[in-house]
Amino acid sequence: MTFNDLLSLGPLLNIAGASVLAMLLVAIWRNHRLVYYFTVLAYLLALMSVVPVARLLPHEIPPLVVIDLFALFNSGAIVGSGLIIVLLSYNYFEEREERKEEYYLLLLLATAGALVLVISRHFMSLFLGLEMLSISLYGLIAYLRARERSDEAGIKYLILAALSSAFLLFGMALVYGFTGHMDFPGIGAYLRETETLPVSVIAGFGLMLIGIGFKLGVVPFHMWAPDIYEGAPLPVTAFVATISKGGVLVLLIRFYQDVNGKEYTMLWWIMAIIAVISMFAGNWLALTQQNIKRLLAYSSIAHLGYLLVGFLSGAQSGLEAIAFYLVAYFVTSIGAFGVLIVMSSSVQDAETVEDYRGLFWRYPWVALVFTVMLLSLAGIPLTAGFIGKFYIVMAGVDGERWFLLIMLVINSVIGLYYYIRIIAMMFRTSETPLRTYIKPALPLAGNITLGLLVVVLIGLGVYPTRMMQLIQEMMTLIK
Amino acid sequence: MDLTFYIAAAIAVFSTVMVVTRFNIMHALLYLIVSLLSVAVIFYLYGAPFMAALEIIIYAGAIMVLIIFFVMMLNLGPETARQEKEWLRPGMWLLPALLCAVLLGELVYLIAQSKTPVTGITPVPPKEVGRSLFGPYILAVELSALLLMAGIVGAYHLGRQKKKILHRFFESNAS
């Protein structure tokens, strides 16, 4: 490995190295605050190490990884989101009874897994990254052992993730068996030479799609989502909803590009069906949901459907739209879960819609933040969510995918209903004011982080040009 | 050589079927070992003796011993076997079995498609494996280390128990 190789892996090396150092630190002196500061520092360093990589691009370390602007951009997004999740976690875990330090170790490792995913272009690094991510998540999801439902969520995720990994592996074995390549460009080159796709390669792609679909949580592989969102600790839920799904989606895009997925109409149709039913199922199931965690789970299923629409548009602008939407979705989801985190007391998570009745009159600041986040999820103008959806619709128009667009618009309207329902609940005065406030005081760090997220969200919504320029630049490079 | 492959493959399939149909978990484990061994034979046939050895050492050796210890600690007996038998009614497994049969048919069709016979096998000695692992794939080796670390940290956290739970054997003796 040359110096440039190491430099280009900077974010990954920082996070991975920090996880080892943090383990040693915990072994020597177990202290929550110390390991928390250490983790924050590690994420900050990783975020800074993104910058010097920019002049090396595109850098390849054959055969496993490639670091281009697309990978770097998403690495930055992942590390940034990880940092925000860590900032929100401290108070949440400080109030809980389990040992806190291992959480940071596992979070660092899971982030490293996601970072591997976004730079990988080989089945081996794909699988290793995916497994690093899921194995850390087994521990993270069941982290609060003493709480009800946490074991259930952990076991469910363990079994389903292991099963989906088996599908993925079998699919990769089939593809490798017939094409003789494990690196994406190699597979692409092989497929270009054959005029008809061998059945086994199609079967392999199908099996891989099951594995990937599970991780993305799209219908019909979405069954785990609500239970795991409900049972996992809130910061972990935020992680699953954003970094885990985002990393896998980036990988899917890279794979699809490298094997020229556009040319295979069957693959397109399968994904189109998945996108449409994901949007409908997610939104319908969320309509009458009383538990906000489950509601956000269904909403994230629907959002993945929207993302797939941009992906399927086939236009160049589709990929730009996805990159933008992903950032907006990261910010919005972490913000929404952040509100849940700061509102949760040490006894219970603030998870029912009823907990938010009259929130505006008690905590106007938090209620405003939550309103902005929900509006962004719904895609109301002046928020990043609106711009993201706007770009996706534009991409759909470019690709002339009218059917998918109509579905997207119908679903946006359905989605509006349940987001507005929560907002209305927050502004309602409660008739029975003596329902004990779930939380007496709000943590300062959490509030500052939420403020930051709101600024980013509105900033992207009002002035998206700079961000979009960056994304366009990046997309011309990966062509 | 073809014949040896078919025999090994047949044993692998048969023993794996036996694994899932046994009521007694220890019997199932024995079949599982047979199945892993036959897979090792297949690896050997196709010029990867090192992989065959690894398959035996790691799977048939280490992991099996772990599973057997685990099963012994769980202390399962005829009671569990009877329970399993009650669960396994035809109504329960008929449809899944049918679906699996369809999948199997698909697989057979896929395999029948490849017309070129497997020729020109290049043996892969351990040296080659080591060279590629610590040459171009060094990153993968390091990532596997991180993967194991994630597993260990997670297991350490989840495995810590505050409440002391006695084994059934000790419990009945104490009372």
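What counts and how
The numbers attached to residues start from 1 for each chain and follow its sequence in the written order. Naming scheme: in the order in which they are written, chains are lettered from A and ligands are numbered from 1. Per-residue local features are limited, in this predicted model, to residues with pLDDT of at least 70; the limit for side-chain atom pairs, both in listing and counting, is 80 or more; totals at the level of whole chains, interfaces and linings are taken over all residues. UniProt positions are given in the numbering used here, feature names are shortened, and annotations may be inferred rather than shown by experiment. Secondary structure elements are defined from DSSP: runs of H or I of at least 4 residues count as helices, runs of E of at least 2 residues count as strands, and each element is numbered from the N terminus. Put simply, the radius of gyration uses C-alpha atoms, and a globule should come to 2.2 Å times the residue count raised to 0.38. Exposure classification rests on a simple neighbour count of other C-beta atoms within 10 Å of a residue's own: a residue reaching 20 or more is buried, one at 12 or fewer is exposed, and one in between is partly exposed. C-beta atoms are placed from the backbone. Contacts are defined on C-beta atoms placed from the backbone: any two residues whose C-beta positions lie within 7 Å are in contact. By the convention adopted, Pro, Cys, Tyr, Trp, Phe, Met, Ile, Leu, Val and Ala count as nonpolar, Lys, Arg, Asp and Glu as charged, and the other residues, Gly among them, as polar. Helix span is expected to be 1.5 Å times the residue number reduced by one. Here, axes are lines fitted to C-alpha atoms. For helices the fit covers the stretch in contact, and angles between N-to-C directions go from 0 to 180 degrees. Roughly parallel means an angle under 35 degrees; roughly antiparallel means over 145; roughly perpendicular covers 65 to 115; every other angle is labelled oblique. Two helices crossing with the near one rotated counterclockwise from the far one by less than a right angle form a left-handed crossing, whereas a clockwise rotation gives a right-handed crossing.

Per an unreviewed UniProt entry, chain B carries the name NADH-quinone oxidoreductase subunit J and comes from Chitinophaga japonensis. The UniProt entry for chain B carries this comment under Subunit (unreviewed entry): "Composed of 13 different subunits. Subunits NuoA, H, J, K, L, M, N constitute the membrane sector of the complex."

As named in an unreviewed UniProt entry, chain A is NADH-quinone oxidoreductase subunit N, taken from Chitinophaga japonensis. Under the UniProt heading Subunit (unreviewed entry), the note attached to chain A is "NDH-1 is composed of 14 different subunits. Subunits NuoA, H, J, K, L, M, N constitute the membrane sector of the complex." What UniProt states about chain A under its Catalytic activity (unreviewed entry) heading is, verbatim, "a quinone + NADH + 5 H(+)(in) = a quinol + NAD(+) + 4 H(+)(out)".

Visitor: What is the right way to read the overall build of chain A from this model?
Guide: A count of helices and strands for chain A gives 21 helices and two strands. Against the compact-globule benchmark of 23 Å for 479 residues, chain A has a radius of gyration of 21 Å, which places it among compact chains. If you line up chain A on its principal axes, its C-alpha atoms span 70 × 55 × 40 Å. Across the 479 residues of chain A, 57% fall into the buried class. When contacts within chain A are restricted to residue pairs at least 6 apart in sequence, long-range pairs at least 24 apart make up 81% of them.

Visitor: Mind showing me how you'd approach the overall build of chain B here?
Guide: On a plain count of helices and strands, chain B comes out with eight helices and zero strands. Relative to its full complement of 175 residues, chain B shows a buried share of 11%. Across chain B, contacts joining residues at least 24 apart in sequence account for 58% of those joining residues at least 6 apart.

Visitor: I would appreciate a short explanation of the interface of chain A and chain B in the present structure.
Guide: It is common to report an interface's size as the accessible area lost on association of the parts. With 27 residues of chain A in contact, the opposing surface of chain B contributes 17 residues. When residues in the side of chain A that touches chain B are grouped by element, the largest group, nine residues, is from helix α7 (residues 123–141) of chain A. When the residues that make up the side of chain A that touches chain B are grouped by side-chain class, the tally is 20 nonpolar, four polar and three charged.

Visitor: Please explain unusual backbone geometry as it appears in this structure.
Guide: Excluding glycine, most residues fall at negative phi; most peptide bonds, likewise, are trans. Residue and element names in this part refer to chain A. Along the chain, Pro62 connects to Pro63 via a cis peptide bond; the corresponding omega equals -5 degrees. Geometrically, the link from Val219 to Pro220 is a cis peptide bond, its omega value of 5 degrees lying close to zero. We note that Leu382 has phi near 80 degrees; this positive angle belongs to a residue other than glycine.

Visitor: Would you mind going over the UniProt feature "domain: NADH:quinone oxidoreductase/Mrp antiporter transmembrane" (unreviewed entry) in chain A with me for this structure?
Guide: Sequence positions flagged by UniProt for "domain: NADH:quinone oxidoreductase/Mrp antiporter transmembrane" (unreviewed entry) are, in local numbering, residues 120–415 of chain A. Across residues 120–415 of chain A, helical content stands at 78% and strand content at 0%; the span's end C-alpha atoms are separated by 34 Å.

Visitor: So what exactly am I meant to see when it comes to helix α2 (residues 25–45) of chain B here?
Guide: Because the α-helix completes a turn every 3.6 residues, residues three or four places apart line up on one side. All names here are of chain B. Under the 1.5 Å per step criterion, the end-to-end length of α2 is 30 Å for 21 residues, consistent within 8% with the ideal 30 Å. Taken as a whole, α2 has its buried residues at Leu32, Ser35, Leu36, Ser38, Val39, Ala40 and Phe43. Remark: Gly47 follows α2 within two positions and exhibits a positive phi of approximately 80 degrees.

Visitor: Explanation requested: helix α2 (residues 10–28) of chain A in the structure shown.
Guide: Here α2(A) is 19 residues long and its end C-alpha atoms lie 26 Å apart, about the 27 Å a rise of 1.5 Å per residue gives. Where α2(A) is concerned, the buried positions are Gly10(A), Pro11(A), Leu12(A), Asn14(A), Ile15(A), Ala16(A), Ala18(A), Ser19(A), Ala22(A), Met23(A) and Val26(A). Residues of α2(A) that are buried sit in contact with α1 (3–8), α3 (32–48), α4 (50–53), α5 (69–94) and α6 (101–119) of chain A together with α7 (138–159) of chain B.

Visitor: Help me out: how do you make sense of the packing of α5(A) against α6(A) in this one?
Guide: Angle between the axes and distance between the axes are the two parameters that describe a pair of packed helices. All names here are of chain A. Between α5 and α6, the shortest axis-to-axis distance is 10 Å and the interhelical angle comes to 165 degrees. Between α5 and α6, the interaxial angle falls into the category roughly antiparallel. Two packed elements cross with a definite hand, and for α5 against α6 that hand is right-handed. Packed against α5, whose contacting residues are Ala71, Asn74, Ser75, Ile78, Gly82, Val86 and Phe93, the element α6 presents Tyr103, Leu107, Thr111, Ala114, Leu115, Val118 and Ile119 at the interface.

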